[in-house]
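One-letter residues, chain by chain:
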Amino acid sequence: MAVSIEPTTACNLRCPQCPSGLRQFSRPQGNINLEMNRQILDKMGGSLQYINYYFQGEPFINPNFLKLVKEARKRNIYTVTSTNAHFISEKKAEEIVESGLNEIIISIDGTTQETYEKYRIEGQLTKVLEGTKNLVAAKKKKGVSSPLLTFQFLIVRYNESQIDKLHEMAEEIGVDCVSLKTVQIYDFENGHPLIPENEQYSRYKKKPDGSFELKNKFKNRCWRMWSSCVFTWDGKVVPCCFDKDAQHQMGEIDQSTFKTIWKSAIYKEFRKKLMQDRQQIEICKNCSEGSKIWV
């Protein structure tokens, strides 16, 4: 089974389509502690094979982040995280490599500062590139292939012309792969300046009347409901990463076993509702499977 565990809700950037960046959470905010992380790992037991240590926020703001990773790696669980790479000094890069982290996704949404900062508000592209180079150097120094380094590029209208340049930068630095990701827009129906011109790079398509709809056909099914879930920093279980404000809480891991939560009446009812009429669930309305384009 795969899960996401939220290291923190805090972030140093102010991205315009992110509740963490907008500082608009209605739920409690904070950092996960080591005991909560251990509880999750203990109660999941041998069924847990993959952890994405990311939900909302910037993971490296949590001072104990790499201790979380180490605890999971001791149990031979594959670990991944996603970062804006602003806190990866030479020393931190070596600590990351030593932690055993398997994969790190680095958000880089522009090949120039002018483009990058349009979405990654208050961010510095030079720090992203420096942090990435520090990781490449640390891997070489230690003679290891992990963590796998991925540049994740959120495609929007003003950076869609920079994809070729991104590939060049990734190859030059020594990044292992590039992931192109379509942008999620909260109110997309009437269009938005971030939606790319090239529909290939968008999760929305323009209708004859000028409004927009999800490009992928909306179906009453979701494989995530039977294979994964998300733990907030304070141990609440929510069904998926689209529930950013934890509106659909299935249980709390410090008050129950995971099996009890997973098989609970509230979880079963949520799955049933999704299968009957998924469009009635608010967090599902803007979900688009296949939102990443792997290259």
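**Q** Describe in detail the environment of Val 144, supporting the description with residues and values.
**A** Secondary-structure assignment places Val 144 in the loop between α6 (125-142) and β5 (148-155). The sequence separation of Val 144 and Trp 226 amounts to 82 residues, and the corresponding C-alpha distance is 34 Å. Sequence-distant contacts of Val 144, that is, excluding residues within four places in its chain, are made with Val 97 and Lys 139.

**Q** Tell me about the packing of helix α3 (residues 65-74) against helix α4 (residues 90-99), and name the residues and values.
**A** If you want to describe how two helices pack, look at the angle between their axes and the distance between the axes. Where α3 contacts α4, the axes come no closer than 9 Å and their chain directions differ by 20°. Judged by the angle between their axes, α3 and α4 are roughly parallel. At the point where α3 passes α4, the crossing takes the left-handed sense. Between α3, through Leu 66, Val 69, Lys 70 and Arg 73, and α4, the contact on the second element is made entirely by Lys 92, Glu 95, Ile 96 and Ser 99. Among the residues making up the contact of α3 with α4, the classes are represented as three nonpolar, one polar and four charged.

**Q** Please provide a residue-by-residue account of helix α7 (residues 163-173), values included.
**A** For α7, the set of buried residues is Ile 163, Leu 166, Met 169, Ala 170 and Ile 173. One side of α7 holds all its buried residues, which, seen down the axis, span an arc of 110°. Seen from the buried face of α7, the exposed residues on the opposite side, beyond 90 degrees, are Asp 164, Glu 171 and Glu 172. Here the buried face of α7 lies against α6, β5 and β6 (177-182). Within two residues after α7, Gly 174 carries a phi angle of roughly 105°, on the positive side.

Conventions used here
Residues numbered from 1 in each chain as written. Predicted model: local features only at pLDDT ≥ 70, side-chain atom pairs only at ≥ 80, totals over all residues. Heavy atoms only, no water. Helix = DSSP H or I, 4+ residues; strand = E, 2+ residues; numbered from the N terminus. Contact = heavy atoms within 4.5 Å. Axes fitted to C-alpha atoms, helices over the stretch in contact; angles between N-to-C directions. Parallel < 35°, antiparallel > 145°, perpendicular 65-115°, else oblique. Left-handed = near helix turned anticlockwise from the far one by under 90°. Nonpolar A, V, L, I, M, F, W, Y, C, P; charged D, E, K, R; others polar. Buried < 20%, exposed > 50% of the residue type's maximum accessible area, 1.4 Å probe, protein only. Arc of directions from axis to C-beta.

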